[in-house]
Amino acid sequence: MKTLRLILGDQLSHSISSLNGIDKTNDVILMCEVMEEATYVKHHKKKIAFIFSAMRHFADELINLGYKVLYTKLDDPTNSGTFSKEIERTIISHTVDEIVVTHPGEFRVLQEILSWEIQYGVPVDVRLDTRFLSTLEEFADWAEDRKQLRMEYFYREMRKNYSILMDDDDNPLGGKWNYDSENRKFPKGRINIPKTYESEPDEITLEVMALVNNKFKDHFGNLEPFNFAVTHDQALVALNQFIDQRLHNFGDYQDAMIEDEPWMYHSHISFYLNCGLLLPRECIEAAERAYYDGKAPLNSVEGFIRQIIGWREYIRGIYWLKMPEYSELNFFNASRDLPEFYWTGETEMNCLKQCVSETKQNAYAHHIQRLMVLGNFALISGVSPSQVNEWFLTVYADAYEWVELPNVSGMILFSDGGYLASKPYAAGGSYINKMSDYCDSCTYSVKKKSGPEACPFNYLYWDFLVRNREKLSSNPRTAMMYRTYDRMSNDKKNAIKYDSDQFFLHIG
Ligand code: FAD
Ligand code: DLZ
Ligand code: SF4
């Protein structure tokens, strides 16, 4: 009996379920760099280099542990370009009796895998992805019969089920489940933010970078400098650096944005978690330990852990519960084309310029940049969900559809009409001004509400509410804004319409 064990580019964990029960002398592990994966959207150059380098390092580790690994490089002359054809080649060349693979992260890849049994006449065993704490079945049970899902309630269940930050009486540590109200500070004066983790590219990474420069020249983003961790050991150093140097301030400054400070006090581990170089459990344990050792306060530790056992698991649960319909949703029937400046960064709106250029440089932007600047603008200007999704899937090194789609369609665009979030995260310029220093050096004035010098977020916010009145006025969380709008003078209302029309005329 010979088993082919397929390991995908986001399954780079030694504990991956597809390796359970492996017969080292007989079974073969297949890993392949394929053009189809690298181009189904034109991923940021850094993302491709990161995945390929991490895959090659992982394959070397498996070989050193004595496994038989078949590794197809992108430029191997025999590379067929797709997972299916690479599987077919291996079945033929190695007379395989069975295929084992861990549940993939994306719906489209699962469909492909499920077709192999009939196509190739070989049984396919798709195993649970045990790297996540909750199974998809557990999530579906929790969601059953709930018309609207709320992350907060799911998160509390997770805290209880896994005894995370709970006291001896099974109450949340400190008496509260959530310390978000303490997590909205903006640093006063100059601050010295510790640097993010940086590794020096080794020979494997340099080879991959040359390949990316050669084959994906026209993809978005800067390849250099390339400093991501590409092994589990390096990713652990990155995690520990965060725990020791930034976790302390993570909570307080979680929502803050500062010009030319792309990394702030965030962890920068989503790339590693999502491709398997780090496991959620090791990140949670490290943060919990920091709390008990007195290295970080509860608001930071709780906030960080909530992102991982709350948001990350919740988002994944929704993706698998609602696919494939979820990718088609468009509650507001938004249809505007994505403005060109999302690719170039060439805009007078300083917040967007900063966030796009940092994204281009780092294949990273932190949560509030994605949500309240890039996402908020796409929402209030009515950009088509499919184009916004394509952009977010393309530009970030941590982007896979399971996590990108619910964040974009559910959280920022409200395309699901409120299944994931209770109200659209729409905001005018004052929110951005409160949480950033972007407005200080912007061409527009955040204080002005109308006219050519006014911050576009200010009138677009109202225009968005007016355009979608029918759909939002009955939502208790937005109804109050309509009452405010109704009290405005006609001049004010006309100015909102006029400025918005002029603005859209110019961005196309
Ligand atoms: P931290 O702020 O340090 O948070 C710690 C970890 O919590 C992250 O590494 C991540 O694994 C997890 N996390 C936090 N928020 C979320 C969330 N909303 N959903 C899922 N996991 C979360 N995250 C991705 O991993 N891939 C994406 O493609 C992605 N697209 C996004 C698109 C939009 C429009 C928005 C609003 C958010 C998106 N996120 C995505 C969530 C979040 O912005 C990133 O996980 C986070 O910015 C990664 O940086 P970090 O590791 O420094 O996170
Ligand atoms: C993101 C990515 C890229 C760019 N290339 C590959 C690849 O060539 N081979 C591979 O196995 N995985 C790659 N990945 C990660 C996959 O897109 C990911 O495994 C699937 O989308 C399932 O989540
Ligand atoms: Fe952005 Fe408006 Fe502030 Fe300019 S003034 S940075 S457009 S929020």
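Counting from 1, residues in each chain are numbered in the order their sequence is written. Chain letters and ligand numbers both follow the written order, the letters beginning at A and the numbers at 1. Owing to the predicted nature of the model, reporting of local features is limited to residues with pLDDT of at least 70; listing and counting of side-chain atom pairs is limited to 80 or more, with chain, interface and lining totals taken over all residues. Water and hydrogen atoms play no part in the side-chain values, which are based on all heavy atoms of the structure.

Caption draft 1: Region of interest: the site of ligand 2. What surrounds ligand 2 is a group of 18 residues, the closest being Gly-9, Asp-10, Cys-32, Val-34 and Glu-37. Polar contact is the term for a pair of N or O atoms within 3.5 Å; when the atoms are in protein, one must be able to donate a hydrogen and the other to accept it, and sequence-neighboring residues count only if both atoms are side-chain atoms. A distance of 3.3 Å separates an oxygen atom of ligand 2 from a polar atom in the backbone of Gly-105. One nitrogen or oxygen atom from the side chain of Arg-108 is found 3.3 Å from an oxygen atom belonging to ligand 2. Working definition of accessibility: Shrake-Rupley area with a 1.4 Å probe, residue cover restricted to the visible protein chains. Protein contacts shield 100% of the accessible area of ligand 2, which totals 490 Å² for the unbound molecule. Helix and strand assignments follow DSSP, with helices taken as H or I runs no shorter than four residues and strands as E runs no shorter than two, numbered in order from the N terminus. Those elements that provide at least two residues to the shell around ligand 2 are helix H1 (35-39), helix H2 (45-64) and helix H4 (107-114). Here the shell around ligand 2 gets four residues from one element, more than from any other, and that element is H2. Three residue categories are used. Nonpolar comprises Ala, Val, Leu, Ile, Met, Phe, Trp, Tyr, Cys and Pro, charged comprises Asp, Glu, Lys and Arg, and polar comprises the others, including Gly. Here the shell around ligand 2 is composed, by residue class, of nine nonpolar, three polar and six charged. Any residue with a non-hydrogen atom lying within 4 Å of a molecule or strand is treated as near it.

Caption draft 2: Representation of the environment of Val-373 in the model. Mapping Val-373 onto the fold places it in helix H16 (residues 367-380). Relative accessible area decides the class of each residue, using a 1.4 Å probe on protein chains only: under 20% of the type maximum gives buried, over 50% gives exposed, and in between gives partly exposed. What makes Val-373 buried here is its relative accessible area of 0%. Between the C-alpha atoms of Val-373 and Glu-33, which are 340 residues apart in sequence, the distance is 34 Å. Apart from residues no more than four positions distant in its own chain, Val-373 is found in contact with Met-257, Cys-351, Leu-352, Cys-355, Ile-368, Ile-432 and Phe-457. Any pair of residues with heavy atoms lying within 4.5 Å of one another is described as a contacting pair.

Caption draft 3: Main features of the sheet that holds strand S4 (residues 98-102). When DSSP finds two or more bridges between a pair of strands, those strands are recorded as paired. Spatial strand order, S3-S2-S1-S4-S5: five strands in an open sheet with parallel pairing. Pairing within the sheet leaves two strands with one partner each, and these edge strands are strand S3 (69-72) and strand S5 (124-127). Looking at each pair of strands side by side, their axes are set apart by 20° on average, direction ignored. Alignment of S4 against S5, held across four bridges, turns out to be parallel. Counted as the bridge partner of Ile-99 is Val-124 from S5. To obtain each axis, a line is fitted to C-alpha atoms, and for helices this fit is confined to the stretch in contact; angles are then taken between N-to-C directions over 0 to 180 degrees. Against the sheet, helix H3 (residues 83-94) makes contact with strand S1 (3-6), strand S2 (28-32), S3 and S4, and its axis sits at roughly 150° relative to S2, the strand it touches most.

Caption draft 4: Summary view of the packing of H16 against helix H17 (residues 385-395). Where H16 contacts H17, the axes come no closer than 10 Å and their chain directions differ by 150°. One way to sum up the angle between H16 and H17 is to call them roughly antiparallel. Between H16 and H17 lies a crossing of right-handed hand. Residues Arg-370, Leu-374, Gly-375 and Ala-378 of H16 form the contact with H17, whose participating residues are Val-388, Trp-391 and Phe-392. Class assignment for the residues of the contact of H16 with H17 results in five nonpolar, one polar and one charged. Any angle from 65 to 115 degrees is called roughly perpendicular, while one under 35 is roughly parallel, one over 145 is roughly antiparallel, and all others are oblique. What makes a crossing left-handed is the near helix being turned counterclockwise from the far one by less than a right angle; a clockwise turn instead makes it right-handed.

Caption draft 5: Structural view of unusual backbone geometry. Cis geometry is found at the peptide bond from Glu-224 to Pro-225, where omega equals -5°. Summarising the element assignment, Pro-225 is placed in the loop between helix H8 (203-215) and helix H9 (232-245). Of note, the bond from Met-323 into Pro-324 is cis; its omega dihedral lies within 30 degrees of zero at 5°. Relative to the assigned elements, Pro-324 resides in the loop between helix H13 (298-322) and helix H14 (341-344).

Caption draft 6: Expanded view of the environment of Arg-316. Checked against the element boundaries, Arg-316 lands in helix H13. Taking relative accessible area as the criterion, Arg-316 reaches 7% and is therefore assigned buried. Between the C-alpha atom of Arg-316 and that of Ile-412, which follows or precedes it by 96 residues, the distance is 16 Å. In this structure, Arg-316 is in contact with Asp-129, Phe-132, Ser-134, Leu-136 and Trp-402, ignoring residues within four places of it in sequence.

Caption draft 7: Up close: H8. Given the number of residues in a helix, its expected span is that number minus one, multiplied by 1.5 Å. When the terminal C-alpha atoms of H8 are compared, their 18 Å separation across 13 residues agrees well with the 18 Å that a helix rising 1.5 Å per residue should span. Every buried residue of H8 is listed here: Thr-205, Val-208, Met-209, Leu-211 and Val-212. In an axial view of H8, the angular spread of the buried residues amounts to 160°, which keeps them on one side of the axis. Away from the buried face of H8 by more than 90 degrees, exposed residues Glu-203 and Asn-214 are located. Turning to H8, the residues buried within the fold contact H2. To obtain the arc, one takes the directions from the helix axis to the C-beta atoms.

Worth remembering: the numbers are spatial, not functional.
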